[in-house]
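# An overview of the molecular structure
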Amino acid sequence: MATTEMLKIQFYDSYNMLKELVRICPDNLWKAENHDLPVWNQVVHTICGSFFWLREDYEKKFSWELPLPERLRDKIINDDWCVGIDDFMTKAEMNECLDCLDKQLESFWSKITDEMLNSKTWADNEFTYLSVIAAQIRHIMCHVGMCNAVLIENGFDEVEWIAFGEN
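For the structure given in this document, a descriptive report is provided here. (Residues numbered from 1 in each chain as written. Predicted model: local features only at pLDDT ≥ 70, side-chain atom pairs only at ≥ 80, totals over all residues. Heavy atoms only, no water.)

## With respect to the nonpolar core
One finds Trp40, Val43, Ile47, Met89, Met94 and Ile133 to be the most contacted residues of the largest nonpolar core, which totals 46 residues. Put simply, the parts of the chain that give this core at least two residues each are helix H1 (3-24), helix H2 (27-31), helix H3 (39-53), helix H5 (91-111) and helix H6 (129-153). When near neighbours in sequence (up to four residues on either side) are disregarded, Trp40 contacts Trp30, Lys31, Leu72, Ile76, Cys82, Asp87, Phe88, Met89 and Met94. (Core = buried A, V, L, I, M, F, W, Y, C linked by side-chain atoms within 4.5 Å. Buried < 20%, exposed > 50% of the residue type's maximum accessible area, 1.4 Å probe, protein only. Helix = DSSP H or I, 4+ residues; strand = E, 2+ residues; numbered from the N terminus. Contact = heavy atoms within 4.5 Å.)

Right, dumping it as structure tokens:
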């Protein structure tokens, strides 16, 4: 199996756990402060990371084309945690962002090859396609784990583990 295909499987196992988190998170926990890290805010933070890093052309001016709610857009883009506010992203709004990211990911993964993995994303830095893909897998799993802890702490089942595409 090609390295790129293996990375893609690992990425989607993590990403699908994030999507499952959105589906199963009880509404009261979705927007609760949860140690100053609301679940919805952790999810959108994670989506933004993948949207920024998993793109085809790093030399092209980046544009936040995610359908972020206007009322929260600046806070989310600036990576400000939205704690203690009455406004939050609904699951429907989050699913719109996931749908948008899905399209970008489909294009990204259709172009990535094993030969590209050690190529620099930008000419003047050390980031490679391999490093940004691996970082996004870790980033997603970090936040899924943090949100799983919130679920467990509040008496709910955690997101089921997905490994090697078996689920």
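## What to know about H5
Taking 1.5 Å of rise per residue, 21 residues should cover 30 Å, and H5 covers 30 Å from first to last C-alpha, within 8% of that figure. By the burial criterion, the buried members of H5 are Lys91, Glu93, Met94, Cys97, Leu98, Leu101, Gln104, Leu105, Phe108 and Trp109. Down the axis of H5, the sector holding all buried residues measures 135 degrees, keeping them to one side. For H5, exposure combined with an orientation more than 90 degrees from the buried face picks out Ala92, Lys103, Glu106 and Ser110. (Expected span 1.5 Å × (residues − 1). Arc of directions from axis to C-beta.)

## Overview of the side chain of Thr4
On the secondary structure map, Thr4 appears in helix H1. Its relative accessible area of 9% is what places Thr4 among the buried residues. Only 2.4 Å separates the side chain of Thr4 from the side chain of Asp114, close enough to count as a polar contact. (Polar contact = N/O pair within 3.5 Å; in protein donor to acceptor, adjacent residues only side chain to side chain.)

## Structural notes on the packing of aromatic side chains
Enumeration over the complete set of coordinates arrives at 15 aromatic pairs. Judged by centre distance (5.0 Å) and plane angle (85 degrees), the ring pair of Phe52 and Trp53 falls under edge-to-face. Taking the relative accessible area as the measure of exposure, Phe52 reaches 23% and is therefore partly exposed. Between Phe52 and Trp122, the aromatic rings sit 6.4 Å apart at their centres with planes inclined by 40 degrees, giving tilted as the arrangement. One end of the pair, Phe52, is in helix H3; the other, Trp122, is in the loop between H5 and H6, and 70 residues separate them in sequence. Counting every residue linked through ring pairs, the aromatic cluster contains Phe51, Phe52, Trp53, Tyr58, Phe62, Trp64, Trp122, Phe127 and Tyr129. (Phe/Tyr/Trp six-rings, centres within 6.5 Å; stacked < 30°, edge-to-face > 60°.)

## Overview of unusual backbone geometry
Negative phi characterises most residues that are not glycine, and trans characterises most peptide bonds. Although it is not a glycine, Asn34 adopts a positive phi angle of roughly 45 degrees. Tracing the sequence through the fold places Asn34 in the loop between H2 and H3. Of note, the phi angle at Asp79 is positive, near 60 degrees, even though the residue is not glycine. With respect to the element layout, Asp79 can be found in the loop between helix H4 (73-77) and H5.

## Side note on the layout of surface pockets
Over the atoms, a rolling probe the size of a water molecule traces out where space has been left empty. Space inside the largest pocket adds up to approximately 360 Å³. Arg55, Lys60, Ser63, Glu65 and Gln104 are, among the 15 residues lining the largest pocket, the residues nearest its centre. With five residues, the top contributor of residues to the lining of the largest pocket is H5. Each residue belonging to the lining of the largest pocket can be placed in one class, and the counts come to five nonpolar, three polar and seven charged. (1 Å grid on protein atoms, 1.4 Å probe; cavity = no way out; pocket = protein on both sides within 12 Å on 5 of 7 lines; lining within 4 Å. Points joined across faces, edges and corners; volume = space filled by probe spheres on them. Nonpolar A, V, L, I, M, F, W, Y, C, P; charged D, E, K, R; others polar.)

In short, the description is geometric, and any link to function would need to be established separately.
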